[in-house]
Amino acid sequence: MSAENIKMGYFFITDITGYTIFLNESELDHAHHIIEALFDSQLKVIGEPLTVSNFQGDAILCYVPEDSIKDGNLLINQMQSIYTAFSKQLEAMQVNPPCGCNACSNIAMLDLKMFLHYGKYMVKSVGGTDEILGSDVITAHRMMKNNVNEETGIQSYLLITRAAFEKLDLVDTPDQISHSETYEHIGKLDMLVSELGKSVAFRPN
């Protein structure tokens, strides 16, 4: 990895809560259409400055170079907009379900979590698609394994590392909860939790 190929930026992941149980307890063909609609609702809102790197089952990995972020609050607002679009699609399918199958009945078990980290990465073309690589990208993925729900009771949240928080020049608010996890080969990672669906909990200095 040559130095000129290394960039600095933010890694953003959306992850559908309850995805595995939903698939296991639902008709696969109907469940697929429901998950597809929930992905589409997010993709309609995901746009500049975010770029989609890849899809991983129940998750979408996006990235944005640090130079593309002039106002940290705009990135946070975009994340809130993504959650709002997801929630509206989820609610619409519950109010007017496609049919009476198990998949339609199980829609309520789904929700969304988001993860945001900052660090180094490089872009590599894989099968004609640009994907991001690097240890900090791995860290963003590791954040998805956490004890946030057990410790806070919050199911739908934005989990942001202190590194990203400080680089975006955000300030603490009463709505945030300090959180940390210790990961193998990474060590202790200090983070902040903000419940999605509420007003924006992170604000710029």
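Note that this is a predicted model, so its numbers are computed, not measured. Sequence order as written defines the numbering, with residues in each chain counted from 1. Note on the predicted model: pLDDT of at least 70 is required for a residue's local features to be given, and 80 or more for side-chain atom pairs to be given and counted; whole-chain, interface and lining totals, by contrast, use all residues. As a rule here, side-chain values come from all non-hydrogen atoms in the structure, and water together with hydrogens is ignored.

Student: Would you mind showing me how to read the overall build of the chain here?
Tutor: Put simply, DSSP marks the helices as runs of H or I at least four residues long and the strands as runs of E at least two long, and each gets a number from the N terminus on. The helix and strand tally for the chain stands at seven helices and ten strands. Here the chain has a C-alpha radius of gyration of 17 Å; the compact-globule value for 205 residues is 17 Å, and the two agree. The principal-axis extent of the C-alpha atoms belonging to the chain is close to 55 × 45 × 35 Å. Sorting the 205 residues of the chain into buried and exposed places 46% on the buried side. Values of the radius of gyration come from C-alpha atoms, whereas the globule rule sets the reference at 2.2 Å times the count of residues to the power 0.38. Working definition: with a 1.4 Å probe on protein chains only, accessible area under 20% of the residue-type maximum means buried, over 50% means exposed, and in between means partly exposed.

Student: Explain the packing of aromatic side chains here, please?
Tutor: Aromatic ring pairs: the centre-centre distance and the angle between the two ring planes describe each pair. Centre distance within 6.5 Å is the pairing criterion for rings of Phe, Tyr and Trp, where only the six-membered ring of Trp is used; planes under 30 degrees apart are then read as stacked, over 60 as edge-to-face, and the remainder as tilted. Here the structure, examined in full by the defined rule, presents five aromatic pairs. Between F39 and F55, the aromatic rings sit 6.1 Å apart at their centres with planes inclined by 80 degrees, giving edge-to-face as the arrangement. Taken together, the positions of F39 in helix α2 (residues 28–43) and F55 in strand β2 (residues 51–56) put the pair 16 residues apart, joining distant regions of the chain. The class of F39 is buried, set by a relative accessible area of 11%. Through a chain of ring-to-ring contacts, the aromatic side chains of F11, Y63 and Y121 assemble into a single cluster.

Student: Which parts of the structure should I look at to understand helix α3 (residues 72–95)?
Tutor: Because an α-helix completes one turn every 3.6 residues, residues spaced three or four positions apart along the sequence face the same direction. Expected span, for any helix, means 1.5 Å times one less than how many residues it has. Here α3 spans 35 Å end to end across 24 residues, near enough to the 34 Å set by a 1.5 Å rise per residue. Distance and chemistry together define a polar contact, namely a pair of N or O atoms within 3.5 Å, with one atom able to donate a hydrogen and the other to accept it when in protein, and with adjacent residues in sequence counting only for side-chain atoms on both sides. Where α3 begins, the capping side chain belongs to D71, and its oxygen is found 3.0 Å from the backbone nitrogen of N73.

Student: Help me understand the side chain of N54 in this model?
Tutor: Here N54 lies in strand β2. Take N54: its relative accessible area is 12%, and that puts it in the buried class. Reaching out from N54, the side chain makes a polar contact with the side chain of Q56 at a distance of 2.9 Å. Setting aside residues no more than four positions away along its own chain, N54 makes contact with A59, I60, L61 and E131. Note on contacts: a residue pair is in contact if any heavy atoms of the two residues lie within 4.5 Å.

Student: I'm lost on the environment of S178 in this one. Help?
Tutor: You can see S178 is positioned in strand β8 (residues 177–183). Ignoring sequence-local partners within four residues, the contact set of S178 consists of R162, M191 and L192.

Student: Please clarify how unusual backbone geometry should be interpreted in this entry.
Tutor: Here the bond from E48 into P49 is cis, since omega is 5 degrees, no more than 30 degrees from zero. Here P49 is to be found in the loop between α2 and β2. In the Ramachandran plot, D169 falls in the positive-phi region, its phi being about 60 degrees despite a non-glycine side chain. Mapped onto the secondary structure, D169 falls in the loop between α7 (162–167) and β7 (170–171). Despite not being glycine, H185 has its phi angle at roughly 70 degrees, a positive value.

Student: What's the story with the nonpolar core in this structure? I'm lost.
Tutor: Here, nonpolar core means buried Ala, Val, Leu, Ile, Met, Phe, Trp, Tyr and Cys residues that are tied together by side-chain atoms lying within 4.5 Å of each other. Ranked by size, the top nonpolar core spans 41 residues in total, and within it Y10, I16, I34, M114, L116 and L168 carry the most contacts. Among the elements that take part in this core, α3 stands out by supplying eight residues, more than any other. What I34 contacts, discounting residues up to four positions off in sequence, is F22, M93, A103, C104, I107 and L110. Judged by nonpolar contacts, the second largest core, of 20 residues, contains F11, Y157, L159 and M191.

Student: How should the pairing of strand β6 (residues 157–161) be read in this particular structure?
Tutor: Side-chain positions along a regular strand alternate between the two faces of the sheet. Taken across its five residues, β6 has five buried, putting it largely inside the fold. Both β6 and strand β9 (residues 187–195) contribute to a ladder of five bridges, which runs antiparallel. Bridge assignment links L158 to a residue of β9, and that residue is S194. A pair of strands is considered paired only if DSSP assigns at least 2 bridges between the two.

Remember that the coordinates give geometry; whether it matters functionally is a separate question.
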